[in-house]
Amino acid sequence: MSKCILLTGGSGLVGSKLTKLLLDKGYSVSHLSRKHGNDPKVKTYIWDVSKWQIDERCIEGVDTIVHLAGASVAGGRWTNKRKKEIIESRTKSIGLIYQLLKRKSHQVSTVISASATGYYGDRGDELLTEDSAPGSNFLANCCLQWEHAVDIGESLSLRVLKLRTGVVLDAKGGALSKLAAPVKFGLGSPLGNGKQWIPWIHEQDVINLYLYGIENNDLSGVYNMAAPNPVTNKQLTRAVAKEMHRPLWLPKVPAFALELLLGEMSTIILGSQKVSAQKIEEVGFKFKYPTLTWALKDIFNR
């Protein structure tokens, strides 16, 4: 069993919870970060991807690297500069690690990387498997470059696992808090036509799946990280309103209004991805929250 894990993006929403889970399981965990962390149980090594700088000691004793680093796709309007930052924060960062592995003796055997269901673009009602072709919009291009950069690890004789993450439902942040805020005040409504599919997944299943990837050495290639029961935007909004005991009376927010407000970034909200979880289930992963009802009951009743 792997015992020493290095995380990039370890202080983020997923990274911080995965760090806690790994520590609870008895793993040694260290982070690659731009600044020192506060947890005495986690050693932080400093890197600056933009300057191509990395503390070379970060890989000492490490056998698994989990790559979660990447600028938020919803962190600002998609200017050309912002798009470049979103892509390079994912591709140059893993490239910097691979350059280090090439020049320094190490025992790293595995790289597990985040990707995203944005890989598929806007696909309507098509059921999307890991073999489906990539989309053609910016998010799809970003994921394609991201995965290609991670795949270079195969030429270094590493086990490479990529997890295409959907919309993570979390109690304290992310997409759900943004959706729930207007619902809480009775101002919620579906976005666009409401028919777009949302490849959601509960936060606990996300970190459980990363652990599953760490502990199963025969797992490699790409897997979708989305619950086995996708829902539409309208179904998600209604389910959140029901769980919060709030009415939904406003009309749908029209697509053109979202496009005016967000520009190209509106594809995050208006894009449709009906993602299959069959492949990861077939290799033995069991979702703790396979249905939206169970997931929301857990999140809103803590």
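Each remark here, short or long, concerns the structure printed above.
Thresholds, definitions, all that
Residues numbered from 1 in each chain as written. Predicted model: local features only at pLDDT ≥ 70, side-chain atom pairs only at ≥ 80, totals over all residues. Heavy atoms only, no water. Helix = DSSP H or I, 4+ residues; strand = E, 2+ residues; numbered from the N terminus. Buried < 20%, exposed > 50% of the residue type's maximum accessible area, 1.4 Å probe, protein only. Contact = heavy atoms within 4.5 Å. Areas by Shrake-Rupley, 256 points an atom, 1.4 Å probe, with all protein chains shown as cover. Lys, Arg positive; Asp, Glu negative; His and termini not counted. Charge placed at Lys NZ, Arg CZ, Asp CG, Glu CD. Pairing = 2+ DSSP bridges. Right-handed = clockwise from strand over helix to strand, strands pointing away. Expected span 1.5 Å × (residues − 1). Axes fitted to C-alpha atoms, helices over the stretch in contact; angles between N-to-C directions. Salt bridge = Lys/Arg side-chain N within 4 Å of Asp/Glu carboxyl O. Phe/Tyr/Trp six-rings, centres within 6.5 Å; stacked < 30°, edge-to-face > 60°. Arc of directions from axis to C-beta.

Draft legend 1. Inspection of the overall build of the protein chain at higher detail. Counting its regular elements, the protein chain contains 10 helices and 14 strands. Counting only C-alpha atoms, the protein chain reaches 60 × 40 × 40 Å along its principal axes. Burial analysis of the protein chain (302 residues in total) assigns 52% to the buried set. Within the protein chain, contacts between residues at least 6 apart in sequence are counted, and of these 76% link residues at least 24 apart. Of the roughly 14,300 Å² that the protein chain leaves accessible, carbon and sulfur atoms contribute 53%. When the 39 positive and 28 negative side-chain charges of the protein chain are each reduced to one mean point, those points stand 6 Å apart.

Draft legend 2. Region of interest: the pairing of strand β2 (residues 28–33). In terms of burial, β2 is largely enclosed, as five of its six residues are buried. In the sheet, strand β1 (residues 4–8) pairs with β2 via five bridges, with the strands oriented parallel. When the sheet's bridge partners are listed, threonine 8 is paired in β2 with leucine 32. This β-α-β element, β1 to helix α1 (residues 13–24) to β2, shows right-handed connectivity. Judged from the four bridges that link them, β2 and strand β3 (residues 43–48) form a sheet pairing that is parallel. The residue of β3 that forms the bridge with leucine 32 is tyrosine 45.

Draft legend 3. Structural context of helix α5 (residues 203–215). Taking 1.5 Å of rise per residue, 13 residues should cover 18 Å, and α5 covers 19 Å from first to last C-alpha, within 8% of that figure. Of all 13 residues in α5, 10 are buried; the element is thus mostly enclosed.

Draft legend 4. Summary view of the sheet that holds strand β4 (residues 53–54). Taken in spatial order, the eight strands line up as β4-β3-β2-β1-β5-β6-β8-β12 in an open sheet, and their pairing is mixed. Single-partner strands in this sheet number two, and they are β4 and β12 (221–225). Across the sheet, α1 lies against β1, β2 and β5 (64–67), angled at about 170 degrees from β1, the strand it touches most.

Draft legend 5. How the structure looks around unusual backbone geometry. Phi at tryptophan 52 is positive, roughly 60 degrees, even though this residue is not glycine. By secondary structure assignment, the location of tryptophan 52 is in the loop between β3 and β4. The phi torsion at histidine 245 lies on the positive side, around 60 degrees, for a residue other than glycine. With respect to the element layout, histidine 245 can be found in the loop between α6 (233–244) and α7 (255–262). Overall, the relative accessible area of 70% leaves histidine 245 in the exposed class.

Draft legend 6. Inspection of the pattern of salt bridges at higher detail. In total, this model carries 12 salt bridges according to the counting rule given. Residues lysine 17 and aspartate 170 are paired through a salt bridge, measuring 2.7 Å at the closest nitrogen-oxygen approach. Of this pair, lysine 17 sits in helix α1 while aspartate 170 sits in the loop between β9 (167–169) and α4 (174–184), and the two are 153 residues apart along the sequence. Relative accessible area serves as the criterion here: at 29%, lysine 17 is assigned to the partly exposed category. Notably, a salt bridge pairs aspartate 55 with arginine 57, separated by 2.7 Å at the nearest N-O pair. Owing to a relative accessible area of 44%, arginine 57 belongs among the partly exposed residues under this scheme. Through salt bridges that share partners, Lys17, Asp170 and Glu203 make up one connected network.

Draft legend 7. Region of interest: the environment of aspartate 48. For aspartate 48, the location among the structural elements is in strand β3. Along the sequence, aspartate 48 and serine 109 sit 61 residues apart, while their C-alpha atoms lie 24 Å from each other.

Draft legend 8. Summary view of the packing of aromatic side chains. Within this structure, the stated rule accounts for four aromatic pairs. Measuring from ring centre to ring centre gives 5.3 Å for tyrosine 119 and tyrosine 120, while their planes differ by 80 degrees; the resulting arrangement is edge-to-face. Residue tyrosine 119 shares its accessibility class with tyrosine 120, and that shared class is buried. Measuring from centroid to centroid gives 5.5 Å for tyrosine 212 and phenylalanine 285, while their planes differ by 70 degrees, and the two rings are edge-to-face.

Draft legend 9. Spatial organisation of α6. With 12 residues, α6 should reach 16 Å at 1.5 Å per residue; the first-to-last C-alpha distance of 17 Å fits that figure. Taken together, the buried positions of α6 are Asn233, Leu236, Thr237, Val240, Ala241, Glu243 and Met244. Projected down its long axis, α6 carries its buried residues within an arc of 165 degrees, all on one side. Residues of α6 that are exposed and point more than 90 degrees away from the buried face comprise Arg238 and Lys242. Of the surrounding secondary structure, the elements contacted by the buried residues of α6 are α4, β10 (197–198), β13 (231–232) and α10 (292–300).

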